[in-house]
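# Topology and contacts: notes
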Amino acid sequence: MPKNKTHSGAKKRFRVTGKGKLMREQTNARHYLEHKSSRRTRRLAVDQDVAPADVKRIKKMLGK
């Protein structure tokens, strides 16, 4: 059997923690930051858990 390839788009967007949880970055934290409040940019800087409905599909993409 050939090896499965990791989905290159998924590996840029998601990371797996030590315990196997999937994390993602929040949207709206890339540009026009000078128009957003400091409070909002701090909140957007924190990684979020991936929704439970998507975990199985994303893990498959990452080869986990």
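Since we're looking at a predicted model, the values are computed, not measured.

## Comments concerning the overall build of the chain
- From N to C terminus, the chain includes 3 helices and 3 strands.
- Secondary structure of the chain in N-to-C order comes out as α-β-β-α-β-α.
- Relative to its length of 64 residues, the chain is extended, with a C-alpha radius of gyration of 15 Å against a globular reference of 11 Å.
- The principal-axis extents of the C-alpha atoms in the chain amount to approximately 50 × 20 × 20 Å.
- Counting only contacts in the chain whose residues sit at least 6 apart along the sequence, the fraction spanning at least 24 positions is 55%.
- In the form shown here, the chain has an accessible surface area of approximately 5,900 Å², with 50% of it arising from carbon and sulfur atoms.
- Here the chain holds 20 positive side-chain charges and 5 negative ones, and the gap between their average locations is 7 Å.

## Quick look at the sheet that holds strand β3 (residues 48–49)
- Read across the open sheet, the 3 strands follow the order β1-β2-β3; overall the sheet is antiparallel. Looking along the sheet, the strands with just one partner apiece sit at the ends: β1 (14–16) and β3.

## A closer look at unusual backbone geometry
- Despite not being glycine, N28 has its phi angle at roughly 70 degrees, a positive value.
- Judged by its relative accessible area of 46%, N28 falls in the partly exposed class.
- A positive phi angle, near 60 degrees, is found at Y32, a position not held by glycine.
- With respect to the helices, strands and loops of the structure, Y32 is situated in the loop between β2 (22–24) and α2 (38–44).
- We classify Y32 as exposed; its relative accessible area is 60%.

## Let's talk about the side chain of K36
- Along the chain, K36 turns up in the loop between β2 and α2.
- Despite being buried, K36 has no salt bridge partner; E34 is the closest side chain of opposite charge, sitting 11 Å away.
- With near-sequence residues (within four places) excluded, K36 lies in contact with N28, A29, H31 and T41.

Rules used throughout
Residues numbered from 1 in each chain as written. Predicted model: local features only at pLDDT ≥ 70, side-chain atom pairs only at ≥ 80, totals over all residues. Heavy atoms only, no water. Helix = DSSP H or I, 4+ residues; strand = E, 2+ residues; numbered from the N terminus. Rg over C-alpha atoms; globule rule 2.2 N^0.38 Å. Contact = heavy atoms within 4.5 Å. Areas by Shrake-Rupley, 256 points an atom, 1.4 Å probe, with all protein chains shown as cover. Lys, Arg positive; Asp, Glu negative; His and termini not counted. Charge placed at Lys NZ, Arg CZ, Asp CG, Glu CD. Pairing = 2+ DSSP bridges. Buried < 20%, exposed > 50% of the residue type's maximum accessible area, 1.4 Å probe, protein only. Salt bridge = Lys/Arg side-chain N within 4 Å of Asp/Glu carboxyl O.

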